[in-house]
Amino acid sequence: QRAAESTHAIESHKAAFALFLRSIDDKEGTVKRDLKLAVVEHDDIVDAVKQLEKRLPTTTRAMAEVEAATEALREMSKAKASELCGQVDLKHKIEAESETLGRQIQAHRARLGELSAIMTKQEEAYDEVSAQLNDIVRGPQVM
C-alpha cells in the first residue's frame, strides 16, 4: 500500500509539475508577447522621436522668429506707450494753456469793455467840447 501511495504521490507531483511547467510556458508566452508589444511600441516611439527631430530645426527657427517678433512687439508697445504718455502730457499742457488763454481773453474782453466805456465818455466829452468850441468860434449870435 505504501508503494501505491508513493506512486500516487509521485504521479500527483508529476501532474502538478506539468501544470507548473505549462503555467511557466503560458507566462513565458505572455512575457514574449508583452515583450514583442513593448518592442513595437518602442520602435513607434523611436520613429516618433526621429520625426520630431526632423521637425526640430524648423520648430526651433519658428520659435526664434516668434520670440524675435514678440520682442519687437514689446518694444513697439513700449514706444507707443511712451508716445501716448507724451501725447497725454501734451494734451494736459494744451488744456492748461487753453485755460490760461481763456482767462486772458476774458480779461481782455473786460478791458475792452472798460476802454469802450472810456471811449464813449471821451466821445461825449469831445462832442461837448466841440460844441462849446463851435459856440466860441461862431461868437454870440444876435437875434
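Reading the values: the criteria
- Residues numbered from 1 in each chain as written.
- Predicted model: local features only at pLDDT ≥ 70, side-chain atom pairs only at ≥ 80, totals over all residues.
- Heavy atoms only, no water.
- Helix = DSSP H or I, 4+ residues; strand = E, 2+ residues; numbered from the N terminus.
- Buried < 20%, exposed > 50% of the residue type's maximum accessible area, 1.4 Å probe, protein only.
- Areas by Shrake-Rupley, 256 points an atom, 1.4 Å probe, with all protein chains shown as cover.
- Salt bridge = Lys/Arg side-chain N within 4 Å of Asp/Glu carboxyl O.
- Patch = residues over 30% accessible without salt bridge, like charges linked within 9 Å, V, L, I, M, F, W, Y side chains within 5 Å.
- Lys, Arg positive; Asp, Glu negative; His and termini not counted.
- Charge placed at Lys NZ, Arg CZ, Asp CG, Glu CD.
- Bend = angle between axes of the 7 residues up to and from the residue.

Novice: Please provide a residue-by-residue account of the overall build of the protein, values included.
Specialist: Within the protein, the secondary structure is distributed over one helix and zero strands. Dimensions of the protein, computed from the C-alpha atoms along their principal axes, are close to 190 × 40 × 20 Å. Looking at the protein as a whole, 1% of its 143 residues are labelled buried. Carbon and sulfur atoms provide 62% of the accessible area of the protein, an area that totals close to 13200 Å².

Novice: Kindly report on the pattern of salt bridges, identifying the contributing residues and their values.
Specialist: Under the criterion given, the structure shown has seven salt bridges. Put simply, Glu 71 and Arg 74 hold a salt bridge, and the shortest N to O gap is 2.6 Å. Taken together, the positions of Glu 71 and Arg 74, both in helix α1 (residues 2-138) and three residues apart, correspond to about one turn of that helix. Lys 80 is paired through a salt bridge with Glu 83; the nearest N and O atoms lie 3.8 Å apart. Of this pair, Lys 80 and Glu 83 are both found in helix α1, three residues apart, which corresponds to roughly one turn of the helix. Accessibility expressed as a relative area gives 40% for Glu 83, which makes it partly exposed.

Novice: Which residues make up the environment of Glu 11, and what are the values?
Specialist: Within the fold, Glu 11 resides in helix α1. Through-space distance from the C-alpha of Glu 11 to that of Lys 27 is 24 Å; in sequence the pair is 16 residues apart.

Novice: Can you break down a nonpolar patch on the surface residue by residue, with the values?
Specialist: On the surface, a nonpolar cluster with roughly 380 Å² of combined accessible area is contributed by Phe 17, Phe 20, Leu 21 and Ile 24. Take Ile 24: it is sitting in helix α1. Judged by relative accessible area, Ile 24 falls into the partly exposed class, the value being 35%.

Novice: Lay out a negative patch on the surface with the relevant residues and their values.
Specialist: On the surface, a cluster of negative charge is contributed by Glu 41, Asp 43, Asp 44 and Asp 47. Residue position: Asp 47 is located in helix α1. Overall, Asp 47 belongs to the partly exposed group, its relative accessible area being 42%.

Novice: Could you give an account of the environment of Ile 10, naming the residues involved and the relevant values?
Specialist: Tracing the sequence through the fold places Ile 10 in helix α1. With 25 residues separating them along the chain, Ile 10 and Leu 35 place their C-alpha atoms 36 Å apart.

Novice: Can you explain α1? Please cite residues and give values.
Specialist: Because each turn of an α-helix spans 3.6 residues, side chains separated by three or four positions in sequence point in the same direction. Where α1 bends most, at Leu 56, the angle is about 40°, and the proline Pro 57 comes one to four residues later. Looking one or two residues beyond α1, the residue adopting positive phi is Gly 139, at roughly 80°.

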